[in-house]
Amino acid sequence: MIYKQNLHTHTTYADGKNEPEELVLEAIKRGFSSIGFSEHSFMHFVDYPQQLTIEDMPRYIGQIHDLKEKYKDVIDIFCGLEYDMYSFVPTNDLDYLIGSVHYLKFGDDRRGFDRSLEEAQNFINLNFGGDAMKFAKRYFEAITWLPKAADFDIIGHFDLITKNNEHGHFIDTSSKEYLNAGFEAIHALKGKIPLFEVNTGAISRGFRTSPYPQPEFLRAFKECGFGAVITSDCHDKNFLDCHFKEAEELLKSCGFNSTWILTDNGFKEVSL
């Protein structure tokens, strides 16, 4: 990788292990050209203390901008948000937005499914009578609604289902039915969100041994004209550039010869 950047970075403002400045210093140490912070947006329906609160939003944005000024001669710093579809929080004063779906809606209730294999299996049993394919179709349908929530730059972990399913614990992700659901979502998002991420974070946290989305979806993204962004979904500075090389090779094997990076002048395409 000629240009080293990570735009999916979490801090102690939510469920990350490190303060923002610690991550900036780690990025400098590892030879990064830039780093972007994308804290989890506040979700009023979640009893989960490790998320960016509405009250902390101004402090978060202010601190990242202070760091941007402090280290302007050393590294470029960007302030973003990983915005869950049902957050409904302000998005002004941000450099970029990652759109993600961690929850599905059931009436007035929203329920999470990705924190562990056990949670995923219980979620499927409780909400879909054990039918994982129904879950997958509902998830991919929900992904297509992202453009209604905000003006996103990046689709976050498109096939998040596979985070806990690398070995086929509850669904066959190579089946035609599963793939078609994902393909339909990709085509529905075409022209609405320009970029998607190749996410390596599940490797660092022991959920997977390879980046995702899976190759079939990567080729579909390529055919539909999406740009790729490599991210580590970092929650720990020790894994800031976790398996970036593997992500590059995966993209190349699926026909990509470039990725996209964020600059002071917006997103820019760079060669792999």
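In what follows, the structure referred to is the one given above.
Residues numbered from 1 in each chain as written. Predicted model: local features only at pLDDT ≥ 70, side-chain atom pairs only at ≥ 80, totals over all residues. Heavy atoms only, no water.

Caption draft 1: Spotlight on the overall build of the protein chain. For the protein chain, the count of helices and strands is nine helices and 11 strands. The C-alpha atoms of the protein chain give a radius of gyration of 18 Å, which matches the 19 Å a tight globule of 272 residues would have. With respect to the principal axes defined by its C-alpha atoms, the protein chain has extents near 55 × 40 × 35 Å. Looking at the protein chain as a whole, 54% of its 272 residues qualify as buried. (Helix = DSSP H or I, 4+ residues; strand = E, 2+ residues; numbered from the N terminus. Rg over C-alpha atoms; globule rule 2.2 N^0.38 Å. Buried < 20%, exposed > 50% of the residue type's maximum accessible area, 1.4 Å probe, protein only.)

Caption draft 2: Summary view of the nonpolar core. Ranked by size, the top nonpolar core spans 76 residues in total, and within it Phe 135, Phe 158 and Phe 196 carry the most contacts. Sort the elements by how many residues they give to this core and helix α4 (residues 132-143) lands first, with eight residues. When sequence neighbours within four positions are dropped, the list of residues in contact with Phe 196 reads Ile 154, Ile 155, Pro 213, Leu 218, Phe 221, Phe 226, Gly 227, Ala 228, Val 229, Leu 251 and Phe 256. Residues Leu 7, Ile 154, Leu 195 and Leu 262 belong to the second largest nonpolar core, which totals eight residues. (Core = buried A, V, L, I, M, F, W, Y, C linked by side-chain atoms within 4.5 Å. Contact = heavy atoms within 4.5 Å.)

Caption draft 3: Summary view of the sheet that holds strand β4 (residues 96-100). Strand order in this open sheet of seven strands is β1-β2-β3-β4-β7-β8-β9, and the pairing throughout is parallel. The strands lining the two open edges of the sheet, one partner per strand, are β1 (5-6) and β9 (227-231). Bridge count for strand β8 (residues 195-199) against β9 is five bridges, and the pairing is parallel. Residue pairing in the sheet places Glu 197 in a bridge with Val 229 of β9. Running over the sheet, helix α9 (residues 244-253) touches β1, β8 and β9 and is turned about 160 degrees from β9. (Pairing = 2+ DSSP bridges. Axes fitted to C-alpha atoms, helices over the stretch in contact; angles between N-to-C directions.)

Caption draft 4: Spotlight on the pairing of β8. The buried fraction of β8 is high, at five of five residues. Neither face of β8 is open: one carries Leu 195, Glu 197 and Asn 199, the other Phe 196 and Val 198, and all of them are buried. Bridge analysis of strand β7 (residues 154-155) against β8 gives two bridges, and the strand direction is parallel. If you follow Ile 154 over to β8, its bridge partner there is Leu 195. With respect to chirality, the unit in which β7 leads through helix α6 (residues 176-189) into the neighbouring parallel β8 is right-handed. (Right-handed = clockwise from strand over helix to strand, strands pointing away.)

Caption draft 5: Examining the packing of aromatic side chains more closely. Tallying each qualifying case throughout the model produces 23 aromatic pairs. Note on Phe 140 and Phe 158: the rings are 5.3 Å apart at their centroids and 35 degrees apart in plane angle, and the pair reads as tilted. Here Phe 158 lies in the loop between β7 and α6 and Phe 140 lies in helix α4, a separation of 18 residues in the sequence. Between the aromatic rings of Phe 140 and Phe 217, the centroid separation amounts to 5.8 Å while the plane-to-plane angle is 70 degrees, which identifies the pairing as edge-to-face. Of the two residues, Phe 140 is situated in helix α4 and Phe 217 in helix α8 (residues 215-223); the sequence distance between them amounts to 77 residues. Here the guanidinium or amino end of Lys 163 rests over the ring plane of Phe 207, the centre of that ring lying 4.7 Å away. (Phe/Tyr/Trp six-rings, centres within 6.5 Å; stacked < 30°, edge-to-face > 60°. Lys NZ or Arg CZ within 6 Å of the ring centre and 35° of its normal.)

Caption draft 6: Local environment of the packing of α6 against α8. At a closest axis distance of 10 Å, the pairing of α6 and α8 adopts a crossing angle of 25 degrees. Considering their axes alone, α6 and α8 lie roughly parallel with respect to each other. Helix-helix and strand crossings are classified by hand; for α6 and α8 the assignment is right-handed. Here α6 contributes Tyr 178, Leu 179, Gly 182, Phe 183 and Ile 186 to the contact with α8, which in turn contributes Glu 216, Phe 217, Ala 220 and Phe 221. Residues of the contact of α6 with α8, tallied by class, amount to seven nonpolar, one polar and one charged. (Parallel < 35°, antiparallel > 145°, perpendicular 65-115°, else oblique. Left-handed = near helix turned anticlockwise from the far one by under 90°. Nonpolar A, V, L, I, M, F, W, Y, C, P; charged D, E, K, R; others polar.)

Caption draft 7: The arrangement of the pattern of salt bridges in detail. For the coordinates displayed, the defined rule picks out 16 salt bridges. Glu 69 is the partner of Lys 72 in a salt bridge, and the nearest nitrogen-oxygen pair spans 2.9 Å. Among the ionic pairs, Asp 114 bridges to Lys 163, the shortest N-O distance being 3.3 Å. Placement of the pair is Asp 114 in the loop between β6 (109-112) and α3 (117-128) and Lys 163 in the loop between β7 and α6, with a sequence separation of 49 residues. Using a relative accessible area of 10% as the deciding quantity, one classes Asp 114 as buried. (Salt bridge = Lys/Arg side-chain N within 4 Å of Asp/Glu carboxyl O.)

Caption draft 8: View of unusual backbone geometry. Cis geometry marks the peptide bond from Tyr 212 to Pro 213; its omega dihedral reads 15 degrees. Tracing the sequence through the fold places Pro 213 in the loop between α7 (201-204) and α8. For His 157, which is not glycine, the phi torsion reads 20 degrees and is therefore positive.

Caption draft 9: Representation of α4 in the model. Its 12 residues place the ends of α4 17 Å apart at the C-alpha level, agreeing with the 16 Å of an ideal helix rising 1.5 Å per residue. On its buried side, α4 packs onto β5 (103-106), α3, α5 (146-149), α6 and α8. Two or three places before Met 133, at the opening of α4, Asp 131 has a side-chain oxygen 3.1 Å from that residue's backbone nitrogen. (Expected span 1.5 Å × (residues − 1). Polar contact = N/O pair within 3.5 Å; in protein donor to acceptor, adjacent residues only side chain to side chain.)

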